[in-house]
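As a plain string of letters, each chain reads:
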Amino acid sequence: MVQDRPLGVAVLGSTGSIGRQTLDVIARSEGKFRVAALCAHSDDATLSRQIARFRPAFAGLVDASAAERLAREWEGKVRIGAGAAALTEAVELDGVDVVVVAVVGFAGVRPTLRALEVGRRVALANKETLVAAGEIVMALAREKGALLPVDSEHAAVFQAIDGKPKESLYKVTLTASGGPFRNTPLNELKDVTPEQALQHPTWNMGGKITVDSATLMNKGLEVIEAVHLFGLGLDQVGVVVHPQSLVHALVEYTDGSVLAQMAVADMRLPIAQALWYPERSPRYIERLDLTTLGRLEFEAPDTERFPCLALAVAALQAGGTMPCVLNAANEVAVTAFLQGRLGFMQIPRLIEEVMERHRPAEVTLENVFTSDAWARDEAARRLAALTL
Ligand SMILES: NC(=O)c1ccc[n+]([C@@H]2O[C@H](COP(=O)([O-])OP(=O)(O)OC[C@H]3O[C@@H](n4cnc5c(N)ncnc54)[C@H](OP(=O)(O)O)[C@@H]3O)[C@@H](O)[C@H]2O)c1
């Protein structure tokens, strides 16, 4: 691609784990990209440092009082937005070519849709958006042709498919590290603490996704994400536990050939891939040295100890707004677990109870927002009563 100016990037969730790694990739892109907008939730101190370093034309915070502090600090120098509207404002700005959606949770839905609507390339790290509103997002993405996965497994699948016809795909297998409790017996799981759950063995990530990795909900969300992204049937997406996190996904073709993507566990690779596509990016990560790897292990996931994976599959089978409800109940449950208000093994029970009370509706934008709000209320009500 001939490029006469750096591509403008809006980073939504810039203060988080993916957001910070995205800025690292941009900083070392040799002028290929520039930061056009930065947004986060409430961390004004980090956002202010990022503004000073990257000088975007616009920055926004969802939290009103944090946005006010930031606006006072940058008055007359940078335009500051406040509230959830700041995220959509950022993607609409003139000079934004690429939007990296790295906010956590359902908050990704509206800005992702808006970015696609106004013709931006979307590099999507936020898996919750596809879980809650995959049908709507993918319909828009197919029309606009501009959605690239940042989740490492999906970026791996994307590379292994590399434009090959869908009819030639037999199966996609996503790998899971197994999390910190891969070998913890069932009777000990009820006592694990947030501090233990936040010790991920191979990836350094934000709190919510780290807990999701420990419950295996993360892999469940990724199965739903893969079904939407690649237009697959549920029977075409499998999961295998691979503790070394070096093989990120495998794609099996109808002729029995299996293509795997390998790299060290470093999210700057899939971030850079999505930014640079269709070119290959410069190297941001350590090279993989096969002679020093030792053993690569693969085993089946244990859905008795980790019921969240099966719950996600059940939600997809139920269809309609059920995955949206699964996601919302999970967000409430994980927050409660991190606050010490819910036990580790109560996470799947709370989600299941909320799902049992939901009658899935057709996936329209209105139904998605109604179902999300209903599931959060229902989960919060059950949590308050602790009828688990
Ligand atoms: N981390 C990884 O390696 C990884 C890998 C694959 C996929 N992902 C996905 O990428 C997304 C981000 O993960 P992360 O690990 O980077 O999370 P994180 O470290 O917790 O960062 C979350 C970011 O989102 C912002 N945020 C939180 N709630 C928000 C809201 N309601 N509205 C707008 N912004 C909000 C936070 O702002 P404040 O700092 O101001 O709170 C922060 O910038 C998640 O969907 C996750 O599943 C992450």
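Here, every reference points to the structure presented above.
Reading the values: the criteria
Residues numbered from 1 in each chain as written. Predicted model: local features only at pLDDT ≥ 70, side-chain atom pairs only at ≥ 80, totals over all residues. Heavy atoms only, no water. Helix = DSSP H or I, 4+ residues; strand = E, 2+ residues; numbered from the N terminus. Rg over C-alpha atoms; globule rule 2.2 N^0.38 Å. Buried < 20%, exposed > 50% of the residue type's maximum accessible area, 1.4 Å probe, protein only. Contact = heavy atoms within 4.5 Å. Near = heavy atom within 4 Å. Polar contact = N/O pair within 3.5 Å; in protein donor to acceptor, adjacent residues only side chain to side chain. Areas by Shrake-Rupley, 256 points an atom, 1.4 Å probe, with all protein chains shown as cover. Nonpolar A, V, L, I, M, F, W, Y, C, P; charged D, E, K, R; others polar. Axes fitted to C-alpha atoms, helices over the stretch in contact; angles between N-to-C directions. Parallel < 35°, antiparallel > 145°, perpendicular 65-115°, else oblique. Left-handed = near helix turned anticlockwise from the far one by under 90°. Expected span 1.5 Å × (residues − 1). Arc of directions from axis to C-beta.

Draft legend 1. Region of interest: the overall build of the chain. A count of helical and extended segments in the chain gives 16 helices and 11 strands. A globule of 388 residues ought to have a C-alpha radius of gyration of about 21 Å, and the chain, at 20 Å, matches this closely. Expressed as lengths along the three principal axes of its C-alpha atoms, the size of the chain is roughly 60 × 50 × 40 Å. For the chain, the proportion of its 388 residues judged to be buried stands at 56%. Partitioning the contacts of the chain with sequence separation of at least 6, the portion at a separation of at least 24 is 68%.

Draft legend 2. Quick peek at the environment of Lys-164. Among the structural elements, Lys-164 can be located in the loop between helix H7 (152–161) and strand S8 (169–176). Judged by relative accessible area, which is 31%, Lys-164 ranks as partly exposed. In contact with Lys-164, not counting residues within four places along its chain, are Tyr-253 and Leu-259.

Draft legend 3. Here's a closer look at the site of the ligand. Within the structure, the ligand sits among 25 residues, and Thr-15, Ser-42, Asp-43, Glu-128 and Gly-206 are positioned closest to it. Note that an oxygen atom of the ligand is positioned 3.1 Å from one of the backbone N or O atoms of Gly-16. Side-chain polar atom of Glu-128 to an oxygen atom of the ligand: 2.7 Å apart, as the coordinates give it. Look at the ligand: alone it shows 900 Å² of surface, and the protein chains cover 85% of it. Elements with a minimum of two residues in the shell around the ligand: helix H1 (17–27) and helix H6 (127–144). Considering only residue class, the shell around the ligand consists of 12 nonpolar, 9 polar and 4 charged.

Draft legend 4. Here's a closer look at the packing of helix H4 (residues 85–92) against helix H5 (residues 109–117). Between H4 and H5, the shortest axis-to-axis distance is 9 Å and the interhelical angle comes to 20°. Taken together, the axes of H4 and H5 lie roughly parallel to each other. Considering only the axes of H4 and H5, their crossing is right-handed. Across the interface between the two elements, Leu-87, Thr-88, Val-91 and Glu-92 from H4 touch Arg-110, Pro-111, Arg-114 and Ala-115 from H5. A per-class count over the contact of H4 with H5 returns 4 nonpolar, 1 polar and 3 charged.

Draft legend 5. Main features of helix H13 (residues 307–318). Here H13 contains 12 residues, and its C-alpha end-to-end distance of 16 Å stays within 8% of the 16 Å for a straight helix at 1.5 Å per residue. Within H13, burial applies to Cys-308, Leu-309, Leu-311, Ala-312, Ala-315 and Leu-316. Projected onto a plane normal to the axis of H13, the buried residues spread over an arc of 160° and lie on a single side. If you follow the buried residues of H13, they end up packed against helix H10 (207–215), helix H11 (217–230), strand S9 (237–241), helix H14 (322–338) and helix H15 (346–356). Following H13 by one or two positions, Gly-319 has its phi on the positive side, about 75°.

Draft legend 6. Examining the side chain of Asn-126 more closely. You can see Asn-126 is positioned in the loop between strand S6 (121–124) and H6. Polar contacts involving the side chain of Asn-126 include one to the main-chain amide nitrogen of Glu-128, which spans 3.4 Å.

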